[in-house]
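Chain by chain, the residues:
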Amino acid sequence: MGDLPEFYFRIRETGAAVFRVSTDNRQRRIEMEEIAVVNIRNGNIRAHGDRTLTAAEQAVIEAWADDRRAVLADRDIDDIHRAIDHLNLTTHWAQGRATDAELEEVTDRLLLAMHDLRTVLVRRKADRLAAAARAGADGAEAP
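Residues numbered from 1 in each chain as written. Predicted model: local features only at pLDDT ≥ 70, side-chain atom pairs only at ≥ 80, totals over all residues. Heavy atoms only, no water.

**Observations concerning the pairing of strand E3 (residues 31–39)**
In step 1: With eight bridges connecting them, strand E2 (residues 15–22) and E3 associate as antiparallel partners. Paired with Arg20 across the two strands is Glu33, which belongs to E3.
In step 2: The pairing of E3 with strand E4 (residues 45–47) spans three bridges and is classified as antiparallel. Within E4, the position partnered with Val37 by the bridge is Arg46. (Pairing = 2+ DSSP bridges. Helix = DSSP H or I, 4+ residues; strand = E, 2+ residues; numbered from the N terminus.)

Here is the structure:
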């Protein structure tokens, strides 16, 4: 068996349970001792039971949490790019292959979802443009 990592992170919806991995026993069996729970949404790291985390353990967990947040952010944007692809594929399907019954089944839900998305996108675009205009005006007045 190859070298095992010192820590194992069991992914949860909001973060992970953190285990210290060890094979330092007579049978060389893998033992995993839960040492902490990390919540990546609020940054909370709780030691398991009466345990106190070392500075090194804390640093490893914080680094993992930072990496995990980056992975999830990348997945979010990838999901959006996939949604754009799906919208294009849906348009192609609706235009050429969809039956009247299939269109009847999905049209209202699609129209409402697209209307909701468009409303949010237009409002957020307007907010960004207004903020850029304010920043430009503030910058133009500075000496």
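**With respect to the side chain of Arg68**
In step 1: For Arg68, the location among the structural elements is in helix H1 (residues 55–96).
In step 2: Of the side chains with opposite charge, Asp76 lies nearest to the buried Arg68, which makes no salt bridge, at 10 Å.
In step 3: The contact partners of Arg68, leaving out residues within four places of it in the chain, are Ile11, Ile40 and Arg75. (Buried < 20%, exposed > 50% of the residue type's maximum accessible area, 1.4 Å probe, protein only. Lys, Arg positive; Asp, Glu negative; His and termini not counted. Salt bridge = Lys/Arg side-chain N within 4 Å of Asp/Glu carboxyl O. Contact = heavy atoms within 4.5 Å.)

**Considering a positive patch on the surface**
In step 1: Among the surface-exposed residues, Arg123, Arg124, Lys125 and Arg128 lie close enough to one another that they form a single positively charged patch.
In step 2: Topologically, Arg123 is positioned in helix H2 (residues 100–141). (Patch = residues over 30% accessible without salt bridge, like charges linked within 9 Å, V, L, I, M, F, W, Y side chains within 5 Å. Areas by Shrake-Rupley, 256 points an atom, 1.4 Å probe, with all protein chains shown as cover. Charge placed at Lys NZ, Arg CZ, Asp CG, Glu CD.)

**Overview of a nonpolar patch on the surface**
In step 1: On the surface, Leu87, Leu110, Leu111, Met114, Leu117 and Leu121 cluster together to form a nonpolar patch covering roughly 510 Å² of accessible area.
In step 2: Element by element, the count of residues in the nonpolar patch is highest for H2, at five residues.
In step 3: If you trace the backbone, Leu117 turns up in helix H2.
In step 4: Among the residues examined, Leu117 registers a relative accessible area of 44% and is labelled partly exposed.

**Brief notes about the side chain of Asn39**
In step 1: Structurally, Asn39 can be placed in strand E3.
In step 2: The residues contacting Asn39, other than those within four sequence positions of it, are Thr14 and Asn44.

**Some remarks on the sheet that holds E4**
In step 1: Here four strands make up an open sheet; going across it, the order is E1-E2-E3-E4 and the pairing antiparallel. Edge positions in the open sheet fall to strand E1 (7–12) and E4, since each of these has one partner strand only. Neighbour to neighbour, the strand axes of the sheet diverge by 30 degrees on average, direction disregarded.
In step 2: In this fold H1 packs onto E1, E2, E3 and E4, with an angle of close to 45 degrees to the strand it touches most, E1. (Axes fitted to C-alpha atoms, helices over the stretch in contact; angles between N-to-C directions.)

**Describing the environment of Val18**
In step 1: Residue position: Val18 is located in strand E2.
In step 2: Judged by relative accessible area, Val18 falls into the buried class, the value being 0%.
In step 3: Between the C-alpha atom of Val18 and that of Glu33, which follows or precedes it by 15 residues, the distance is 8.4 Å.

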